[in-house]
Amino acid sequence: MQLIEGEKEKILACVEEILGSNSKKQEDLIPILQKVQAKLGYLPGLAMEKIARGVGVPAADVYALATFYNQFRLNPPGKHQVKVCLGTACYMVGGDITLESFERRMEIKEGETSPDRLYSLERVACVGCCTMAPVVVVDDEVEGKVTPTRVDGIMLALQEDNSKGRREEKSGQEAGEVK
Amino acid sequence: MTKEGLQKLYEKLKDDANNIIKKAESKPRVLVGTATCGVAAGALKIRDNFLQEIKSKSLDVDVVEVGCMGHCYAEPLAVIDKPGYPPVCYGYLDDGLVHRLVEDFLGGDDPSYEYALAALERNDVFPTFEDFPRGVYEQKLILENCGFIDARSIESYISRDGYSALVKALNESPEWVLDEIKKANLRGRGGAGFPAGIKWEACIKAGGNEKYVICNADEGDPGAFMDRSVLESDPHLVIEGMILCAFAIGAEKGYLYIRAEYPRAVSHVEDAIRQARDKGLLGSSILGSGFSFDLEVFQGSGAFVCGEATALVNSMEGKMGMPESRPPRLASHGYRGKPTVLNNVKTFAYVPMIISRGADWFKEIGTAESPGTAVFSLVGKVNNTGLVEVPMGTTLRQLIYDVGDGLPNNREFKAVQIGGPSGGCLPEKSLDVPIDFDSLHDAGAIMGSGGLVVMDQDDCMVSVSRYFLEFTQHESCGKCTFCRIGTKHLLDILTDITKGEGDSDTLQRLEELAEDVRDGSLCNLGKTAPNPILTTLRYFRDEYKAHIEEGRCPALVCRDLILYFIEPPKCSKLCNVCVGSCPTEAIFTREDGLKEIDQEKCVKCDNCLKACPTEYNAVVKLSPPVLPPEKEKKTK
Ligand SMILES: Cc1cc2nc3c(=O)[nH]c(=O)nc-3n(C[C@H](O)[C@H](O)[C@H](O)COP(=O)(O)O)c2cc1C
Ligand code: FES
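What you see is a predicted model, and the numbers here were worked out from it, not measured in a lab.

Asker: Would you mind going over the domain arrangement of chain A with me for this structure?
Answerer: Buried accessible area, meaning the area lost when the parts come together, often serves as the stated size of an interface. For chain A, the assigned domains are domain 1 (7–68) and domain 2 (80–174). A separation of 29 Å is found between the C-alpha centroids of domain 1 of chain A and domain 2 of chain A.

Asker: Is there a simple way to explain the site of ligand 1 in this structure?
Answerer: All names here are of chain B. Taken together, 18 residues form the shell around ligand 1, and within it Gly190, Lys199, Asn343, Asn344 and Thr347 come nearest. Relative to its free-state accessible area of 610 Å², ligand 1 is covered by the protein chains to the extent of 88%. For the shell around ligand 1, the secondary structure elements donating two or more residues are strand E9 (340–344) and helix H21 (524–528). No other element matches the three residues that E9 contributes to the shell around ligand 1.

Asker: Explain the pattern of salt bridges here, please?
Answerer: Side-chain pairing between opposite charges can occur once the charged atoms of the two side chains come close. All names here are of chain B. Taken as a whole and judged by the stated rule, the model has 57 salt bridges over all chains. A salt bridge links Glu65 to Arg264, with the nearest nitrogen and oxygen atoms 3.4 Å apart. Residue Glu65 is found in strand E2 (residues 62–66), and its partner Arg264 is found in helix H12 (residues 263–278); the two are separated by 199 residues along the sequence. By relative accessible area, Glu65 is classed as buried at 16%. Between Lys381 and Asp459 there is a salt bridge, and its shortest N-O distance comes to 2.9 Å. Taken as a pair, Lys381 in the loop between strand E10 (373–380) and strand E11 (386–391) and Asp459 in the loop between strand E14 (451–456) and helix H18 (461–475) lie far apart in primary sequence, 78 residues in all.

Asker: Sorry, what's going on with the nonpolar core here?
Answerer: As a rule of thumb, soluble globular proteins bury nonpolar side chains together. Among the nonpolar cores identified, the biggest contains 123 residues, and Tyr163, Trp200, Leu256 and Ile258 of chain B are the most heavily contacted of them. For Tyr163 of chain B, the residues in contact, after removing those within four places along its chain, are Tyr10, Ile154, Tyr157, Ile158, His236, Ile239, Glu240, Ile243, Ala276 and Leu281 of chain B. One finds Ala66 and Phe72 of chain A together with Val305 and Cys480 of chain B within the second-largest nonpolar core, a separate group that totals 47 residues.

Asker: Help me understand the environment of Gly520 of chain B in this model?
Answerer: Residues and elements named next belong to chain B. Looking at the element boundaries, Gly520 is found in helix H20 (residues 506–520). When its relative accessible area of 33% is taken as the criterion, Gly520 is described as partly exposed. Each C-alpha atom, one on Gly520 and one on Thr481, is 8.5 Å from the other, the two residues being 39 residues apart in sequence.

Asker: Just to check I follow, could you spell out the packing of helix H8 (residues 174–184) of chain B against helix H14 (residues 345–357) of chain B for this structure?
Answerer: Residues and elements named next belong to chain B. Here H8 crosses H14 at 105°, and the two axes come no closer than 10 Å. With respect to H14, the element H8 is oriented roughly perpendicular. Across the interface between the two elements, Trp176, Val177, Glu180, Ile181 and Ala184 of H8 pack against Val351, Ile354 and Ile355 of H14. Residues that form the contact of H8 with H14 fall into these classes: seven nonpolar, no polar and one charged.

Asker: For this particular structure, what's the right way to read the domain arrangement of chain B?
Answerer: We note that the domain assignment places domain 1 (21–130), domain 2 (161–363), domain 3 (373–459), domain 4 (462–549) and domain 5 (562–626) within chain B. Computed from C-alpha atoms alone, the centre-to-centre distance between domain 1 of chain B and domain 5 of chain B is 45 Å.

Asker: Can you walk me through the sheet that holds strand E5 (residues 116–119) of chain B in this structure?
Answerer: The strands making up a sheet associate through hydrogen bonds between their backbones, and the pairing can be parallel or antiparallel. Residues and elements named next belong to chain B. What the five strands build is an open sheet, ordered E2-E1-E3-E4-E5; its pairing is mixed. Bordering the open sheet on either side are E2 and E5, each of which pairs with just one other strand. The average angle at which neighbouring strand axes cross in this sheet is 25°, direction not considered. Its contacts with the sheet put helix H3 (residues 43–56) on strand E1 (29–33), E2 and strand E3 (78–81), and the angle it makes with E1 is roughly 165°. The strands touched by helix H4 (residues 95–106) within the sheet are E1, E3 and strand E4 (88–90), with E3 carrying the most contacts at an inclination of about 15°.

Asker: I tried to follow the packing of aromatic side chains on my own but got confused; where do I start?
Answerer: Both the distance between ring centres and the angle between the ring planes are used here to describe each pair of aromatic rings. The tally for this structure, following the rule as stated, stands at 17 aromatic pairs over all chains. Both rings, one in Phe68 of chain A and one in Tyr69 of chain A, keep their centres 5.0 Å apart while their planes meet at 75°; by these two values the pair is edge-to-face. Across the pair, exposure class does not vary: Phe68 of chain A and Tyr69 of chain A are buried alike. Through pairs of rings, three or more aromatic residues link up here, namely Phe68, Tyr69 and Phe72 of chain A. Positioned over the ring face of Tyr262 of chain B is Arg228 of chain B, at 5.3 Å from the centre of the ring. Looking at Arg259 of chain B, its charged tip hangs above the ring of Tyr262 of chain B, at a distance of 5.9 Å from the centre.

Asker: Could you clarify how one ought to interpret unusual backbone geometry in this entry?
Answerer: Trans peptide bonds make up most of the peptide bonds, and negative phi angles are found at most residues other than glycine. Cis rather than trans, the peptide bond between Ala133 of chain A and Pro134 of chain A has omega equal to -5°. When you line up the elements, Pro134 of chain A lands in the loop between strand E2 (119–124) and strand E3 (136–138). In this structure, Pro327 of chain B follows Arg326 of chain B across a cis peptide bond, with omega equal to -5°. With a phi close to 55°, Arg336 of chain B is a non-glycine residue in the positive phi region. With respect to the secondary-structure elements, Arg336 of chain B resides in the loop between helix H13 (309–316) and E9. The backbone phi angle of Asp606 of chain B is positive, close to 80°, even though this residue is not glycine. Mapped onto the elements of the fold, Asp606 of chain B is located in the loop between strand E17 (595–597) and helix H25 (607–611).

Asker: For this particular structure, what's the right way to read the interface of chain A and chain B?
Answerer: With 39 residues of chain A at the contact, the number on the chain B side is 55 residues. A buried area of about 3,500 Å², summed over both sides, lies between chain A and chain B, and 58% of it is on carbon and sulfur atoms. Remark: the boundary between chain A and chain B carries four salt bridges. The residue Arg336 of chain B makes a salt bridge to Glu27 of chain A at a minimum N-O spacing of 2.9 Å. Run the count over chain A and chain B and you get 15 residue pairs in polar contact (both at pLDDT 80 or more). Ranked by residues supplied to the side of chain A that touches chain B, first place goes to helix H6 (residues 95–106) of chain A with five residues. Among the residues forming the side of chain A that touches chain B, the class breakdown is 22 nonpolar, ten polar and seven charged.

Asker: So what exactly am I meant to see when it comes to empty space enclosed by the protein here?
Answerer: Here the idea is plain: a probe the size of a water molecule rolls over the atoms and shows the empty space left. All names here are of chain B. Evaluation of the coordinates by the stated rule reveals eight cavities of 30 Å³ or more. Of the volumes computed, that of the largest cavity is approximately 100 Å³. Lining the largest cavity are 14 residues; nearest its centre among them are Cys582, Cys602, Lys604, Cys605 and Cys608.

Asker: Looking at this structure, how should I read the sheet that holds strand E12 (residues 413–418) of chain B?
Answerer: Residues and elements named next belong to chain B. Here we have five strands laid out as an open sheet, ordered E11-E10-E14-E12-E13, and mixed in their pairing. Where the open sheet ends on each side, the last strands, each with one partner, are E11 and strand E13 (424–427). For this sheet, the mean angle separating the axes of adjacent strands, direction not counted, is 30°. Here helix H16 (residues 396–403) sits on the sheet in contact with E10, E11, E12, E13 and E14, set at roughly 110° to E12.

Asker: When you look at helix H7 (residues 164–171) of chain B in this model, what are you seeing that I'm missing?
Answerer: Helical geometry note: an α-helix holds 3.6 residues per turn, so side chains three or four residues apart project in the same direction. Residue and element names in this part refer to chain B. Of all eight residues making up H7, six are buried, and the element is well covered by its neighbours. Residues Ala165, Leu166, Val167, Ala169, Leu170 and Asn171 constitute the buried set of H7. Looking at the buried positions of H7, the neighbouring elements they touch are helix H1 (3–25), H8, helix H11 (235–249) and H14.

Asker: Sorry, what's going on with the confidence of the model for chain B here?
Answerer: Predicted coordinates in areas of low pLDDT are best not read in detail. Residues and elements named next belong to chain B. Averaged over every residue, the pLDDT of chain B is 92; residues scoring 70 or more account for 99%. The element-level mean pLDDT for chain B is lowest in helix H26 (residues 629–635), coming to 56, with H11 highest at 98. Scored as a complex, the prediction yields pTM 0.91 and ipTM 0.85.

Cut-offs applied
Residues numbered from 1 in each chain as written. Chains lettered and ligands numbered in written order. Predicted model: local features only at pLDDT ≥ 70, side-chain atom pairs only at ≥ 80, totals over all residues. Heavy atoms only, no water. Domains from an automatic or database assignment. Near = heavy atom within 4 Å. Areas by Shrake-Rupley, 256 points an atom, 1.4 Å probe, with all protein chains shown as cover. Helix = DSSP H or I, 4+ residues; strand = E, 2+ residues; numbered from the N terminus. Salt bridge = Lys/Arg side-chain N within 4 Å of Asp/Glu carboxyl O. Buried < 20%, exposed > 50% of the residue type's maximum accessible area, 1.4 Å probe, protein only. Core = buried A, V, L, I, M, F, W, Y, C linked by side-chain atoms within 4.5 Å. Contact = heavy atoms within 4.5 Å. Axes fitted to C-alpha atoms, helices over the stretch in contact; angles between N-to-C directions. Parallel < 35°, antiparallel > 145°, perpendicular 65-115°, else oblique. Nonpolar A, V, L, I, M, F, W, Y, C, P; charged D, E, K, R; others polar. Pairing = 2+ DSSP bridges. Phe/Tyr/Trp six-rings, centres within 6.5 Å; stacked < 30°, edge-to-face > 60°. Lys NZ or Arg CZ within 6 Å of the ring centre and 35° of its normal. Buried area = accessible area lost by both parts, 1.4 Å probe. Polar contact = N/O pair within 3.5 Å; in protein donor to acceptor, adjacent residues only side chain to side chain. 1 Å grid on protein atoms, 1.4 Å probe; cavity = no way out; pocket = protein on both sides within 12 Å on 5 of 7 lines; lining within 4 Å. Points joined across faces, edges and corners; volume = space filled by probe spheres on them. pLDDT = per-residue confidence, 0-100.

What follows is the structure, given as structure tokens:
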């Protein structure tokens, strides 16, 4: 995914800070990746290369770890993150149909982020509230009994939020200009 | 330190804890269940709501967060403990009910029993959970405190005799602890049921003075969450169990491998470790005994295979979590190449009670070969979903119909899936199988991770097998060929079957390959991955045949084998609900006013079927996907 302006510097600074000054071993790799992801929201290629140099292992090893473990993501999270539960209970009542509906509406596949970085879509295993199946986590809020029609409702609310954000941004800029 | 000195030190800890707890309990309290399951159902909002309502009425009431009580079906839940009344549990909370409880019960004197689920202590006015059919069969050992104590206060654990087992052990000897665990025949709860005492003994025999204790809290089954609940609701129980193990084997360092997707469990455990250290229960020379042990959390990054013991250790060492062939076993060559004991969360949780109450007490519970209890997360088509704990030997029927209160809406039982992706599906005729390691194994399922999914006639066995295979195939680490390529082929065959493709040899090929993968794989991921297929083939072969031979999915699930159809005689011309519900505009109104589905555009999302008002119920699913004849004529 294309880096946006100023992102490169941010990534490098973040990795540098987490690597710190003392030397790192293979054993520290996973905790380092976890920290970097916690800070940046994902693991950009640039960060993985820098971590590899810092720890003294081939970049391919870092990439291997990042793709082996489900926790790590290689795409930046969208402004709105939707996670569809495909745990056993949710799958049995049509979680996959719900996921498909989101894919259709967002025009991305599971695991991807939309090019404008407004949405990202993931699947997760059991959120722990199987009674409410099928379950979707929208920006850390759990929504239960999400049928494809509710998907439309959720998307509308997110779109509304996006355009509100844009309006505020605009009026903020205008206010700034007046100053 | 002398025995008396230790005892005194503990008495002091306990007195302090009791004072704090007594003071807290002298006030009315609201205990809100905020384990992950509660939070998902909105418990944090309920907590804030209580706080707000209490504040606005200027009441002197504490709001405490507790873990999971196991009654997940009624989430969000809270207990109101007001002096002078039995503590009462309320479920299905919403803003209105919170308002009412604060006003009438906390502010007034009406416990609003009409909204209560049960009382927590015996009393003359209101039944307790033990009075439910469920209570008769349930026996809570591991889950005893879960949901009733403040998981983030070590005092609430100590005031319930927490850490007294540790004191008892320190006063005895490591050999005594080992002996007691061996006598109790405590079998590992991580799936395979290997006796913990024998594992510990092997680790002692391996010698050396650097040893490790690791708690496996990876919990990779996508539909189970007992380990998480225990760690979130009663972390000190597991910590005490680990200290006891360390004492028995002579380890100075231990780790809890918790998956990073469990942030609440991680933070509760880290808090608990800190508190235990502050009280001298962890760290150097525990309670002045000269025995030192410390704990740390390692956050796993989420890979099912990392639950496997050797893969877990590799992942802790910063490598990819791939299993190794054994021997050497972890007991001699574990973490950093040193002797290591690795047990499941629940296995450790039994240790303190066995030490306190004795091996004989433990052996009286459950069956001779599998003493103790079994913990399940009960989900699917069953009324009382949630965490349940029953003595080993309870039958599946009792578990589903008495503890779980049967299937909702009088639906017909079809199968129960036990043990998650490594487990199997059992049919009605196996319902009288007692739950213990060996009986389940003989029936084709395994105890496994403790996920238990109840299925009814609307669930397709082929599709369920495919679901689990998709999971294991994705999670296969790729080290050995049978698992890497075999599961892929199994998945492909199953996918074909869900599309109605296949010939007379397909099932035999599927079965043979499943057996080969079972026999040829390196670790138990591959060895058990075919279980869902093998058991469904054994018990539900006809259903597979219907897919292949007739292109029909009897449960009307497989989407390539069904179509949606609006039955003209049932359709009310006046209603437009289905048209509005369709995400792809596949439903249109015909000239005669009836609705019809354009099969080309239909994505089979089930919306119209759900949307069609129950008085009409005009939308039906048909399998095989052929339109009724007169209908076809008309569309042409
Ligand atoms: C693919 C796979 C996944 C496993 N996942 C877990 C797990 O999530 N938790 C667990 O305790 N054991 C898991 N196990 C079993 C462990 O390998 C090991 O047997 C167990 O943790 C030992 O603890 P116990 O003796 O207390 O049962 C898994 C095994 C395999 C093969
Ligand atoms: S399976 Fe989705 S919440 Fe449990």
